[in-house]
Amino acid sequence: MLNIVLLEPEMPANTGNIGRTCCATGTRLHLIEPMGFKINDKMLKRAGLDYWDKLDVTVYDCYEDFLEQNPDAVKKMYMATTKSKQDYTDVQYEPDAYIMFGKESAGIPEEILRDNQETCVRIPMLGETRSLNLSNSVAIILYEAFRQHDFAHLKLDGHLRKYDWK
């Protein structure tokens, strides 16, 4: 099972959207305090729609608490940052990889990035663009990880409601 790690998320709507994406893909969500909202925030619930109660989510007191409770994460952690020289498509994600994203205003702290340079990844953008929306970034990288594993366990066919495909 893939894992999304949000380090100190600040915006409940982004976290709600990410939670919804995690539900749609069977991905575990890890939230690391401090957060800029309470887990029962209305904006969080609104963005997550009726999926939030189905979400596999764990909240940690701090980064060290997360590492202590997930000792295997260190070996399978990819860090999404605009500062990386490596694109998110340049790595091979393990089926149980952890993909970390930092808070919206500052990203992942540079001391963490420095210690994990080989697993830092970025989404290519135009030079003058500072960053993408956090929930969009999560979806882009998460679906690349699923693509690399042939979308394992995800539904691959769609059906019309009123009609049949020809």
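Just so it is clear, the structure is predicted and the values come from calculations on it, not from any experiment. Position numbers for residues count from 1 along each chain, tracking the sequence in the order it is written. Reporting in this predicted model follows two pLDDT cut-offs: at least 70 for local features of residues, and 80 or more for side-chain atom pairs to be given and counted; totals over whole chains, interfaces and linings ignore these cut-offs and use all residues. Processing note: side-chain calculations cover all non-hydrogen atoms of the structure and skip hydrogens and water entirely.

S.K.: I'd like a rundown of the pairing of strand S2 (residues 28-32), residues and numbers included.
M.R.: With a 1.4 Å probe rolled over the protein chains alone, any residue whose accessible area is under 20% of its type maximum counts as buried; one over 50% counts as exposed, and the rest are partly exposed. The helix and strand labels rest on DSSP assignments: H or I over at least four residues marks a helix, E over at least two residues marks a strand, and numbering proceeds from the N terminus. The element S2 is extensively covered by neighbouring structure, given that 4 of its 5 residues are classed as buried. Bridge count for strand S1 (residues 3-7) against S2 is 5 bridges, and the pairing is parallel. Residue Val5 lies in a different strand from S2, and its bridge partner there is His30. Whether a crossover is right-handed comes down to one check: with the strands pointing away from the viewer, does the path from the first strand over the helix to the second run clockwise; if it does, it is right-handed. The handedness of the S1 to S2 crossover, carried by helix H1 (residues 12-25), is right-handed. Any two strands with at least two DSSP-identified bridges between them are counted as paired.

S.K.: Got a sec to walk through the layout of surface pockets? Specific residues and values, please.
M.R.: Each pocket or cavity is described by its volume, and for the largest pocket that value is around 470 Å³. Both site types are read off a 1 Å grid over the protein atoms alone. A 1.4 Å probe that fits but cannot get out defines a cavity, while an open set with protein on both sides within 12 Å along at least five of seven lines defines a pocket; lining residues have an atom within 4 Å of a point. What lines the largest pocket is a set of 24 residues, and nearest its centre among them are Thr82, Glu104, Gly107, Ser131 and Leu132. When residues of the lining of the largest pocket are assigned to their parent elements, the largest contribution, 3 residues, is made by helix H5 (residues 134-148). Classifying every residue of the lining of the largest pocket gives 10 nonpolar, 9 polar and 5 charged. Grid points are joined across faces, edges and corners, and a volume is the space filled by probe spheres set on the points. The residue classification treats Ala, Val, Leu, Ile, Met, Phe, Trp, Tyr, Cys and Pro as nonpolar and Asp, Glu, Lys and Arg as charged. All others, Gly included, are polar.

S.K.: I'd like to hear about the sheet that holds strand S6 (residues 120-121), residue by residue, with values.
M.R.: Sheet architecture is open: 6 strands sit in the order S3-S2-S1-S5-S4-S6, paired in parallel fashion. Each having just a single partner strand, strand S3 (57-60) and S6 make up the two edges of the open sheet. As paired elements, strand S4 (residues 77-80) and S6 share 2 bridges and run parallel to each other. Paired with Ala80 across the two strands is Val121, which belongs to S6. In this description, contact between two residues means that some pair of their heavy atoms is separated by no more than 4.5 Å. Angles shown run from 0 to 180 degrees and are taken between the N-to-C directions of axes, each axis being a line fitted to C-alpha atoms and, for helices, limited to the stretch in contact. Packed on one face of the sheet, H5 meets S1, S4, strand S5 (98-101) and S6 and runs near 160 degrees to S5.

S.K.: Just give me the short version of the side chain of Thr25, but keep the residues and values in it.
M.R.: On the secondary structure map, Thr25 appears in helix H1. The buried category is assigned to Thr25, whose relative accessible area is 1%. Within polar-contact distance, the side chain of Thr25 engages the side chain of Thr27 at 2.7 Å. With residues near it in sequence (within four places) discarded, Thr25 still touches Leu142, Tyr143, Phe146, His153 and Leu154. We call two N or O atoms a polar contact when they sit within 3.5 Å, provided that within protein one can donate a hydrogen and the other can accept it, with sequence-adjacent residues counted only if both atoms are side-chain atoms.

S.K.: Run through the nonpolar core, naming residues and quoting values.
M.R.: Working definition of a nonpolar core: buried Ala, Val, Leu, Ile, Met, Phe, Trp, Tyr and Cys residues. They are joined through side-chain atoms within 4.5 Å. Ranked by internal contacts, the top residues of the largest apolar core, which has 28 residues, are Ile4, Leu6, Ile18, Leu29, Tyr93, Phe101 and Ile141. Secondary-structure elements contributing two or more residues to this core are S1, H1, S2, S4, S5 and H5. For this core, the element with the most residues is H5, which contributes 6 residues. Not counting the four nearest positions on each side in its chain, Ile141 is found in contact with Ala80, Tyr88, Tyr93, Ile99, Phe101, Val121 and Ile123. Counting 15 residues, the second largest nonpolar core, distinct from the first, contains Leu7, Met77, Ile112 and Leu113.

Everything listed here is a matter of coordinates, which is why it stays silent on function.
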